[in-house]
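The chain contents come next:
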Amino acid sequence: MVLSLFSLTNCSEYLNVVPDGVPTLDNAFSNRINSEKFLFSCYNMLPNQNDPFVYPANVGFDEIWWDTNVGGLNARSGSRIATNDQNSADPFQNYWDGRRDGRNLWIGIRDCNIFLENIEKVPDLQAWERVRWVSEVKFIKAYLHYFLLQLYGPIPIIDVNQPVNANPEDVRVFREPVDSVVNFVVRLLDESMENLPDQIEETTTDMGRITKSIAASVKAKALVWAASPLLNGNPDYVSYADKRDIQLFPSQAENAKWERALQAIDEAINICHQNGHSLFHFKRGFETMSDTTLLKYTLRGAVSERPIDNPEIVWAHPAYNNANQFQNYCTPKFFTTYSGTSELSATLKIAEQYYTQNGVPIDEDRFWGYSNRYEMRRDTGSFHRYYISRGETTANLNFYREPRFYAHLAFDRSLYEALAQPEDQTLVIKNRSGDPHGVVFNDAHIKTGYFIKKLVSFRSATTTASPSPYRFSIPLIRLSDLYLLRAEAANEVKIEPDNEVYQWVDSIRFRAGLEGVVQSWAKYGTIPGKPTTKEGMREIIKRERLIELAFEGQRMFDLRRWKDAMRYMNQPVQGWDHQGVKPEEYYQIVTYFNNRNYTTKDYLWPLWMTTIIQNPNLKQNPGW
């Protein structure tokens, strides 16, 4: 009946009617206000690093653990990936199709293309603003392609949108070789840099919007990915081709890619320096504190201070104060009113990865006592005056460690500094069963015994009845990230490391209160000459990145691009026995999860089987 009525009516009369309140493409670009809304909708498609369970590099890898007996957390996508439930039938964190806590980034890319195709129509937009917006959207378009590349490897390149009346075969796109994708991303980023601002001047309204420093840094990181073992001559993918018989991965490693990456990193660092970026150092106000506590504030503040107060942050998520949920999950139970705090903890192996006070790994320090690390001891020395509560008992593992260990982590009987507390009244963590910060009821305790202090601002109030967090955003890129990439690329380019390699690593170490790598290994290491070889320095640089950038959403990407993830992910998840009441009960190693069975296939995310059925030109990733 409906079809009959339409056949008796002039169709054009109906098609020409647009109901009030229904947005159209012409409306979106009819004036500056509407087009700015469309611009911000493109920004809104950027993946949110501040969500602990949705962003791929947070919960789901091997840094962070929780109580798997708590049903609410187990259902989240990151938790399911962490417990080896990833699959191709309906993948978790599906950023290709927008399912299972993933966001459909192809929609974001489509919106970017719509914006670029229509922005010239806006009548009341000033020329300088138009070119800036175009540059911002080109960056977003490039970044979304780059993010998909990091997860899936070869992906389609969507430079223009298909018309609505496109032939079905035209929309069944193919995945393109990874080198082609990287070159496309780099070209877009180069184009975007031409009209991006050097700095954000309107900090109250524009903080988080794209600058030249951000675009140059992402370009550098994309080229590092292209040069790294996962995508550069990986023998696991040597025969991986699509239906066109096009090889999607390079068959042989090319060292020239490291040279190209090195050039881009230099460019990024120079642009960052020119625009005022530098390593963060906390400055005392009216507070009275020791140099040790001052250093701990520096090492935490490099992440938890807002960009307006922290020149080290190159890029934080546009909603720059939205890490509140993540922060609450890491906050000890300082409050009388429970509010979802104290549920995400660092795994034991992360605690072990930090250096000794001598700046070398705990299993390479000739003077530290690695074999006795799980035994207990009572604090009696002045070294730990600002680290461990005087006269308390804890594990040897927690003694005589580097400053970042105490700044990034908290543990049973350790001190937990906050600006709200005078230094002589610093809070003490007590995490054994029945203690104030231990297992009091089922869903509020640190499982492994290590609190992630790095992601809790020292500006947050600790004396109120309920959490009053100081809001910040976990940085996507810090200057220290670029410095360590500079060392990594230079080490790969050179036959053997030299001062050009050492200086970038040492700048991070000096800020952390350590000596340089050559001096530290020569004086304390079981392999004194380790920093003098290309292989030894490669290992040192990797370790330095894992320590400096811990809990910032970098580890998962680094371990995958290095092809080291299988070695780390298949280690058991361990920690102290959080149910122990006495020290001798608490300080027992407990395995909380094992047999993760991380294999070669897990280096790349699976495509949803339904998507491959809909588009047979999309070949599934190897192993899935």
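So, how was this worked out
- Residues numbered from 1 in each chain as written.
- Predicted model: local features only at pLDDT ≥ 70, side-chain atom pairs only at ≥ 80, totals over all residues.
- Heavy atoms only, no water.
- Helix = DSSP H or I, 4+ residues; strand = E, 2+ residues; numbered from the N terminus.
- Rg over C-alpha atoms; globule rule 2.2 N^0.38 Å.
- Buried < 20%, exposed > 50% of the residue type's maximum accessible area, 1.4 Å probe, protein only.
- Contact = heavy atoms within 4.5 Å.
- Phe/Tyr/Trp six-rings, centres within 6.5 Å; stacked < 30°, edge-to-face > 60°.
- Salt bridge = Lys/Arg side-chain N within 4 Å of Asp/Glu carboxyl O.
- Axes fitted to C-alpha atoms, helices over the stretch in contact; angles between N-to-C directions.
- Parallel < 35°, antiparallel > 145°, perpendicular 65-115°, else oblique.
- Left-handed = near helix turned anticlockwise from the far one by under 90°.
- Nonpolar A, V, L, I, M, F, W, Y, C, P; charged D, E, K, R; others polar.
- Expected span 1.5 Å × (residues − 1).
- pLDDT = per-residue confidence, 0-100.
- Disulfide = S-S within 2.5 Å.

The subject of this paragraph is the overall build of the protein. Along the protein, the regular secondary structure elements total 25 helices and 12 strands. Taken over C-alpha atoms, the radius of gyration comes to 26 Å for the protein, in line with the 25 Å a tight globule of 624 residues would show. If you line up the protein on its principal axes, its C-alpha atoms span 95 × 60 × 50 Å. For the protein, with 624 residues in total, the buried portion stands at 58%. Long-range contacts, defined here as pairs at least 24 residues apart, represent 69% of the contacts in the protein between residues at least 6 apart.

This part covers the packing of aromatic side chains. Within the structure shown, the criterion is met by 42 aromatic pairs. Look at Tyr240 and Phe249: their rings are 5.8 Å apart centre to centre, the planes differ by 55°, and that puts the pair in the tilted class. There is no split in this pair, since Tyr240 and Phe249 are both buried. Aromatic side chains Trp576 and Tyr587 sit 5.2 Å apart centroid to centroid with 80° between the ring planes, which places their arrangement in the edge-to-face category.

So, on to the pattern of salt bridges. Enumeration according to the criterion identifies 62 salt bridges in this entry. By sharing partners, the salt bridges in this structure join Glu312, Glu402, Arg404, Lys454, Arg478, Arg509, Arg511, Glu544, Glu548 and Glu552 into a single network.

It is worth spelling out the environment of Glu194 at this point. Relative to the assigned elements, Glu194 resides in the loop between helix H10 (178–193) and helix H11 (203–206). In sequence terms Glu194 and Lys212 are 18 residues apart; their C-alpha atoms lie 8.1 Å from each other.

Bringing the packing of helix H18 (residues 479–493) against helix H19 (residues 499–511) into the picture now. Close contact between H18 and H19 brings their axes to 8 Å; oriented N to C, the two are set at 150°. Classed by the angle they form, the pair H18 and H19 counts as roughly antiparallel. Crossing angle aside, the handedness with which H18 passes H19 is left-handed. Listed contacts from H19 to Ser480, Tyr483, Leu484, Arg486, Ala487, Ala490 and Asn491 of H18 are Glu500, Val501, Trp504, Val505, Ser507, Ile508 and Arg511. For the contact of H18 with H19, the class distribution of residues is eight nonpolar, three polar and three charged.

This part takes up helix H12 (residues 212–227). The end-to-end C-alpha separation of H12 is 23 Å, in line with the 22 Å expected for 16 residues at 1.5 Å each. The buried fraction of H12 amounts to 15 of the 16 residues, a majority that puts the element mostly inside the structure.

Take Arg130: it is sitting in helix H8 (residues 127–152). Excluding its chain neighbours within four sequence positions, the residues that come into contact with Arg130 are Ile119, Glu120, Lys121, Val122 and Leu125.

In this section: unusual backbone geometry. Non-glycine residue Gln93 carries a positive phi angle of around 50°. Topologically, Gln93 is positioned in the loop between helix H6 (77–82) and helix H7 (105–118). Unusually for a residue other than glycine, Asp101 sits at a positive phi of about 75°. Mapped onto the elements, Asp101 comes out in the loop between H6 and H7. Asp101 sits in the partly exposed class, given a relative accessible area of 33%.

Our next topic: the packing of H10 against H12. Where H10 meets H12, the closest approach of the two axes is 9 Å, and the angle between their N-to-C directions is 165°. Here H10 is positioned roughly antiparallel relative to H12, judged by the angle of their axes. Read as a crossing pair, H10 and H12 show a hand that is left-handed. Note on element contacts: H12 touches H10 through Lys212, Ala215, Ala216, Val218, Lys219, Ala222, Leu223 and Ala226, opposite Val182, Val185, Val186, Leu189, Asp190, Ser192 and Met193. Here the residues of the contact of H10 with H12 sort into 11 nonpolar, one polar and three charged.

A few words now on helix H14 (residues 291–304). The terminal C-alpha atoms of H14 lie 19 Å apart, and with 14 residues this matches the ideal 20 Å at 1.5 Å per residue to within 8%. Within the span of H14, buried status applies to Thr293, Leu294, Lys296, Tyr297, Thr298, Leu299, Arg300, Gly301, Ala302, Val303 and Ser304. At its buried positions, H14 is contacted by strand S2 (313–316), helix H17 (403–408), strand S7 (415–416), strand S10 (475–478) and H19.

Summarising the model, the protein shows a mean pLDDT of 92, and 93% of its residues fall at 70 or more. Low confidence marks residues 1–19, where pLDDT is under 50. Its contacts with residues over four positions away, or in another chain, come to four contacts.

What follows covers the state of the cysteines. Following the criterion strictly, the structure yields zero disulfides and no others. Between Cys42, a free cysteine, and Cys112, which holds the nearest cysteine sulfur, the sulfur-to-sulfur gap is 4.2 Å. Judged by relative accessible area, Cys42 falls into the buried class, the value being 0%. For Cys112, a relative accessible area of 0% gives the class buried.

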